[in-house]
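# Results of the structural survey
Spelled out from the first residue to the last, the chains are:
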Amino acid sequence: MTNERIRKIGLQELAKINPTNKNAFEWKTWLTDYQLNHEYPDDSYIWLTNILALRAIDHGNFGVGCVLIDVNGNIVVQGHNEVLNPYFRSDRHAEMVVMDKFEDVHRGINKKERYTLYTSLEPCPMCLIRLITSDINTVLHAASDIMGGMVHKMQNVPPFWMDLCKGKIFSQANCSQELINAADDIFLINANELLEKIKNR
């Protein structure tokens, strides 16, 4: 899939976002104006995950977006966090949303096919285990999540899961630092507010 096609998809998603939050509005403008950096192979996909993260915020969810691509670089599935809206679902992290859509359609296990999942934020323990179990070969995130992410703590994963993980790649995406910073800032727009909402349910 060409960068031009990905940009078209991203701009269509941006057009659906009507932010009421000043920070979200500023990030919408920034993402609209962002010029994809061809020096970084993952730039276009991470740009799109950031847009999907902003869509999640626009829907009252945590700001995390995710895309799954095939070996030819075509986007197979895209999604964003849906934990609080349309109704509370504790499992509806962005990676879970994308994997549910993917596995509902691709019901056979085929390790020969190569898929890469891009996410705007480092996967949490729940999502990491799901992705280790899945057919996805490579998982690349933009922003690190020191407090809740699990990729940087892979050495703490129990041996059973580490065995399943053999041959898979979990790492930070090769994208611009600006997009990494954007992913982190977008997630933080409403994270504390939503965490308090969950705590007080």
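Located above this text is the structure these notes cover.
Here goes a summary of the coordinates provided. (Residues numbered from 1 in each chain as written. Predicted model: local features only at pLDDT ≥ 70, side-chain atom pairs only at ≥ 80, totals over all residues. Heavy atoms only, no water.)

### Remarks on the pattern of salt bridges
- Using the criterion set out here, one finds 9 salt bridges in the structure.
- Where glutamate 13 meets lysine 16, a salt bridge forms, and the shortest distance between an N and an O atom there is 3.5 Å.
- Given a relative accessible area of 44%, lysine 16 falls into the partly exposed group.
- In this structure, glutamate 103 and arginine 130 form a salt bridge, with 2.9 Å as the shortest nitrogen-oxygen distance. One end of the pair, glutamate 103, is in helix H4 (residues 94–105); the other, arginine 130, is in helix H5 (residues 125–133), with 27 residues separating them in the sequence.
- Judged by its relative accessible area of 32%, glutamate 103 falls in the partly exposed class.
- Salt bridges sharing common partners tie together Glu82, Arg92, Asp100, Glu103 and Arg130. (Salt bridge = Lys/Arg side-chain N within 4 Å of Asp/Glu carboxyl O. Buried < 20%, exposed > 50% of the residue type's maximum accessible area, 1.4 Å probe, protein only. Helix = DSSP H or I, 4+ residues; strand = E, 2+ residues; numbered from the N terminus.)

### Considering the side chain of aspartate 43
- By secondary structure assignment, the location of aspartate 43 is in helix H3 (residues 43–58).
- It turns out aspartate 43 is buried and unbridged, and the closest side chain with the opposite charge, arginine 7, is 9.0 Å from it.
- Of note is the side chain of aspartate 43, whose polar atom sits 2.8 Å from the backbone nitrogen of serine 176.
- Other than its neighbours up to four places away in sequence, aspartate 43 contacts Tyr34, Leu36, Asn37, Asn174, Cys175, Ser176 and Leu179. (Lys, Arg positive; Asp, Glu negative; His and termini not counted. Polar contact = N/O pair within 3.5 Å; in protein donor to acceptor, adjacent residues only side chain to side chain. Contact = heavy atoms within 4.5 Å.)

### A short note on the sheet that holds strand S2 (residues 75–80)
- Strand order in the open sheet formed by 5 strands is S2-S1-S3-S4-S5, and the pairing between neighbours is mixed. At either margin of the open sheet sits one strand with a lone partner, and together these are S2 and strand S5 (169–172). Recorded for the sheet is a direction-independent mean angle of 15 degrees between the axes of neighbouring strands.
- Bridging between strand S4 (residues 138–143) and S5 involves 4 bridges; their strand directions are parallel. Paired with histidine 141 across the two strands is glutamine 172, which belongs to S5. (Pairing = 2+ DSSP bridges. Axes fitted to C-alpha atoms, helices over the stretch in contact; angles between N-to-C directions.)

### Remarks on unusual backbone geometry
- Put simply, asparagine 85 and proline 86 share a cis peptide bond, and its omega is 20 degrees.
- Examined against the element boundaries, proline 86 turns out to sit in the loop between S2 and H4.

### Structural notes on the packing of H3 against helix H7 (residues 177–188)
- At a minimum axis separation of 10 Å, H3 and H7 run at an interaxial angle of 15 degrees. Between H3 and H7, the interaxial angle falls into the category roughly parallel. Classified by chirality, the crossing of H7 by H3 is left-handed. The residues of H7 that touch H3, namely those facing Asp43, Ile46, Trp47, Asn50, Ala53, Leu54 and Ile57, are Leu179, Ala182, Ala183 and Ile186. (Parallel < 35°, antiparallel > 145°, perpendicular 65-115°, else oblique. Left-handed = near helix turned anticlockwise from the far one by under 90°.)

### Remarks on the packing of aromatic side chains
- Per the counting criterion, the structure on display carries 6 aromatic pairs.
- When the ring of tryptophan 27 is compared with that of tryptophan 30, the centres are 5.2 Å apart and the planes differ by 80 degrees; the resulting orientation is edge-to-face. Placement of the pair is tryptophan 27 and tryptophan 30 together in helix H2 (residues 22–33), with a separation of 3 residues, close to one helical turn.
- On the accessibility criterion, tryptophan 27 (16% relative accessible area) is buried.
- Here tryptophan 30 falls in the partly exposed class, since its relative accessible area comes to 28%.
- With centroids separated by 5.1 Å and ring planes inclined at 35 degrees, the aromatic side chains of tryptophan 30 and tyrosine 34 adopt a geometry described as tilted. (Phe/Tyr/Trp six-rings, centres within 6.5 Å; stacked < 30°, edge-to-face > 60°.)

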